[in-house]
Amino acid sequence: MRRPRVPAPEHFGSRLHSAAVAARVGLWLGICFGVAFLTGLLSHYAQNPSQPVPFPTSPAWGYRLTQGLHVVAGTAAVPLLLVKLWTVYPRFLRRPARGVRRLVLDVLERLSIGVLVAAAVFQLATGLANSSQWYPWAFSFRATHYAVAWVAVGALALHVAVKLPVIRTALTRDVEDPALDPPTATRGGALSRRGLLRATWAAAGVAVLATAGSTLPVLRRVSVLGVRSGDGPQGVPINTSAEAAGVLDRAADPGWRLTVTSGERVVELSLDDLRALPQRTESLPIACVEGWSAGGEWTGVRLRDLLDLVDAPAGRDVRVASLQESGPFRITLLQDGFADDDRTLVALALAGEPLVLDHGFPARLIAPNRPGVLQTKWLARLEVLA
């Protein structure tokens with residue numbers, strides 16, 4: 001019996017294992033990672049209770065756009081990452097370089113690639129699982145995803161710094177130029193380098209079309225992998241039902257009251273009391289961290305009008321409490337900019353009909369440019385902070 005042959009770089013003779021291909025795919029992979037990183041930072045900041053720079057309330061669709069870009073960029077990165085890894089993996093099998101300087105650069109390159117690949121795979125795998133609301137882990141997705149994003153970007157920056165001369169040369173030459181090819185890369189194949197790149201762009205484009213419908217309604221018929229079709233009670237999807245939140249009895253209780261407090265001033269309002277107040281209708285989207293969003297026509301009482309009932313001054317944050325007994329977003333903080341915005345409502349109706357239980361009956365919060373997880377359903381209490 002012949003012993004298994006230990007793979008070595010010279011055993012991979014395809015011309016597709018080329019710096020010319022890796023640099024071009026890596027460029028777009030870096031762009032996708034950059035977009036996902038920046039939009040992820042915005043989302044993380046928007047959910048922070050403490051915001052040294054207030055998160056803007058306009059445009060109302062801003063968070064919808066950034067989260068859509070976040071998920072689309074992450075999805076497009078999947079085929080790009082696979083092709084990038086395939087083009088460069090023979091380099092992992094080469095012997096360490098000789099000479100101190102070359103050895104240091106070689107170690108830095110392998111270290112940055114190893115960390116980058118591990119972080120990228122983790123981010124993409126957990127991100128796709130999150131967009132499908134599947135959590136087969138015990139750690140906090142938001143905190144861990146945020147931390148690993150910095151690791152991935154740091155490793156990417158180190159990798160680019162180490163490989164910058166090769167990247168610059170590869171991008172300024174024709175893709176078929178053999179100048180940067182290893183000596184063994186002489187074998188042709190079914191695809192040319194341009195053919196492989198076209199197939200890669202096509203795969204990334206299909207991935208985007210198959211998921212972008214969660215944010216762009218016009219694409220929903222072709223977005224077969226979109227996490228939300230746009231269907232749902234009153235034309236808007238839901239993440240958490242009233243049954244799952246454990247609020248069925250309390251939300252349907254005729255004795256329900258919304259408590260509004262500011263210092264010593266306390267007002268309790270029944271559903272009929274709220275309906276008797278001046279009503280406003282606003283077109284505002286629900287945009288969730290999973291990347292899906294949907295627009296809705298919400299009708300209810302302007303939050304500022306309710307705060308005026310307890311003589312709350314402008315420029316104050318509001319603590320918002322739900323009827324839910326547990327959950328990370330049972331109590332949220334509404335920053336003063338959102339509390340004073342005329343478009344922020346305690347919504348009682350959606351699409352001209354009273355809210356159904358799954359959309360937050362008897363009353364829910366809806367504000368412009370705000371993460372969906374903070375658009376509190378089944379309101380119980382609004383407390384103006386000093």
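For clarity, every value in this text was computed on a predicted model and none was experimentally measured.

Calculation notes
Residues numbered from 1 in each chain as written. Predicted model: local features only at pLDDT ≥ 70, side-chain atom pairs only at ≥ 80, totals over all residues. Heavy atoms only, no water. Helix = DSSP H or I, 4+ residues; strand = E, 2+ residues; numbered from the N terminus. Buried < 20%, exposed > 50% of the residue type's maximum accessible area, 1.4 Å probe, protein only. Contact = heavy atoms within 4.5 Å. Areas by Shrake-Rupley, 256 points an atom, 1.4 Å probe, with all protein chains shown as cover. Axes fitted to C-alpha atoms, helices over the stretch in contact; angles between N-to-C directions. Parallel < 35°, antiparallel > 145°, perpendicular 65-115°, else oblique. Left-handed = near helix turned anticlockwise from the far one by under 90°. Nonpolar A, V, L, I, M, F, W, Y, C, P; charged D, E, K, R; others polar. Patch = residues over 30% accessible without salt bridge, like charges linked within 9 Å, V, L, I, M, F, W, Y side chains within 5 Å. Salt bridge = Lys/Arg side-chain N within 4 Å of Asp/Glu carboxyl O. Pairing = 2+ DSSP bridges. Phe/Tyr/Trp six-rings, centres within 6.5 Å; stacked < 30°, edge-to-face > 60°. Lys NZ or Arg CZ within 6 Å of the ring centre and 35° of its normal. Expected span 1.5 Å × (residues − 1). 1 Å grid on protein atoms, 1.4 Å probe; cavity = no way out; pocket = protein on both sides within 12 Å on 5 of 7 lines; lining within 4 Å. Points joined across faces, edges and corners; volume = space filled by probe spheres on them.

Q: What's the story with the overall build of the chain in this structure? I'm lost.
A: Each helix and strand counted, the chain has ten helices and ten strands in total. Overall, the chain is about 80 × 45 × 45 Å in size when its C-alpha atoms are taken along their principal axes. Out of the 386 residues in the chain, the part that is buried amounts to 46%. Pairs at least 24 residues apart make up 68% of the contacts formed inside the chain by residues separated by at least 6 positions. Total accessible area on the chain stands at roughly 19300 Å², and carbon and sulfur atoms take up 62% of it.

Q: Help me understand the packing of helix H2 (residues 62-88) against helix H5 (residues 193-211), please; the structure alone is not making it clear to me.
A: To characterise two packed helices, one gives the angle between the axes of the helices and the distance between these axes. At a minimum axis separation of 8 Å, H2 and H5 run at an interaxial angle of 155 degrees. Overall, the two elements H2 and H5 adopt an arrangement that is roughly antiparallel. Crossing hand, H2 versus H5: right-handed. Contacts between H2 and H5 pair Val72, Thr75, Ala76, Pro79, Leu80, Val83, Trp86 and Thr87 from the former with Leu196, Thr200, Trp201, Ala203, Ala204, Ala207, Val208 and Thr211 from the latter. Its residues assigned to classes, the contact of H2 with H5 comprises twelve nonpolar, four polar and no charged.

Q: Is there a simple way to explain the side chain of Gln123 in this structure?
A: Along the polypeptide, Gln123 turns up in helix H3 (residues 100-131). Gln123 sits in the buried class, given a relative accessible area of 11%. Those residues in contact with Gln123, other than ones at most four positions away along the chain, are Thr144, His145, Val148 and Ala149.

Q: Just to check I follow, could you spell out a nonpolar patch on the surface for this structure?
A: On the surface, Leu27, Trp28, Ile31, Leu171 and Trp201 cluster together to form a nonpolar patch covering roughly 450 Å² of accessible area. Among the secondary structure elements, Leu27 is positioned in helix H1 (residues 19-46). Residue class for Leu27 comes out partly exposed when judged on its relative accessible area of 41%.

Q: I'm lost on the sheet that holds strand S5 (residues 318-322) in this one. Help?
A: By way of backbone hydrogen bonds, the strands of a sheet pair with one another, either parallel or antiparallel. Sheet architecture is open: five strands sit in the order S2-S1-S10-S5-S6, paired in mixed fashion. Since the sheet does not close on itself, it has two edges, and those belong to strand S2 (265-269) and strand S6 (331-334), each with one partner. Going across the sheet, the axis of each strand differs from the next one's by a mean of 15 degrees, ignoring polarity. Here S5 pairs with strand S10 (residues 379-384) via five bridges, running antiparallel.

Q: I tried to follow the packing of aromatic side chains on my own but got confused; where do I start?
A: One pair of aromatic rings is described through two measures. These are the centre distance and the angle between the planes. In total, this model carries six aromatic pairs according to the counting rule given. Judged by centre distance (6.2 Å) and plane angle (25 degrees), the ring pair of Trp137 and Phe141 falls under stacked. Using a relative accessible area of 18% as the deciding quantity, one classes Phe141 as buried. A centroid spacing of 6.4 Å and a plane angle of 85 degrees characterise the contact between Tyr146 and Trp150, whose relative ring orientation is edge-to-face. Placement of both Tyr146 and Trp150 in helix H4 (residues 141-172) is noted, with a separation of four residues, approximately one turn of the helix. Cluster of aromatic residues (ring-pair linked, three or more members): Phe122, Tyr135, Trp137, Phe139 and Phe141. Over the ring of Phe338 we find Arg370, and its NZ or CZ is 5.4 Å from the ring centre.

Q: Sorry, what's going on with unusual backbone geometry here?
A: With glycine set apart, most residues show a phi of negative sign, and most peptide bonds adopt trans. Cis peptide bonds are those with omega within 30 degrees of zero, and the linkage from Ser58 to Pro59 qualifies with -5 degrees. Each neighbour pair has its own omega, and for Phe361 with Pro362 the value is 10 degrees, a cis peptide bond. Position of Pro362 among the secondary structure elements: in the loop between strand S8 (353-354) and strand S9 (364-366). We note that Ala351 has phi near 55 degrees; this positive angle belongs to a residue other than glycine. Note on placement: Ala351 falls in the loop between strand S7 (345-350) and S8. Judged by relative accessible area, Ala351 falls into the partly exposed class, the value being 48%.

Q: In this structure, what is going on with the pattern of salt bridges? I would like to understand it.
A: As a working rule, side chains carrying opposite charge can pair if their charged atoms are close by. All told, the structure shown has 13 salt bridges when counted by the stated rule. Between Asp341 and Arg343 there is a salt bridge whose closest N-O contact spans 3.0 Å. A relative accessible area of 12% means that Asp341 is categorised as buried. Residues joined in a network through salt bridges with shared partners are Arg302, Asp305 and Asp342.

Q: When you look at the pairing of S10 in this model, what are you seeing that I'm missing?
A: As a general feature of sheets, a regular strand has side chains that alternate between the two faces. Of the pairings in the sheet, the one linking strand S1 (residues 258-262) to S10 comprises four bridges and is parallel in character. Across the sheet, residue Thr259 finds its bridge partner in S10, namely Arg381.

Q: For this particular structure, what's the right way to read H5?
A: Since the α-helix packs 3.6 residues into each turn, any two residues three or four apart lie on the same face. Under the 1.5 Å per step criterion, the end-to-end length of H5 is 27 Å for 19 residues, consistent within 8% with the ideal 27 Å. Regarding H5, the residues found buried are Arg193, Gly195, Leu196, Leu197, Thr200, Ala204, Ala207, Ala210 and Thr211. Its buried side turned inward, H5 meets H1 and H2.

Q: Hey, could you run me through empty space enclosed by the protein in this one?
A: One way to see where empty space is left: roll a probe the size of a water molecule over the atoms. Here the structure, examined in full by the defined rule, presents one cavity of 30 Å³ or more. In this structure, the largest cavity encloses a volume near 60 Å³. Lining the largest cavity, in full, are Ser18, Ala19, Ala20, Ala170, Arg173, Asp174, Asp177, Ala179, Leu180 and Asp181. Class assignment for the residues of the lining of the largest cavity results in five nonpolar, one polar and four charged.

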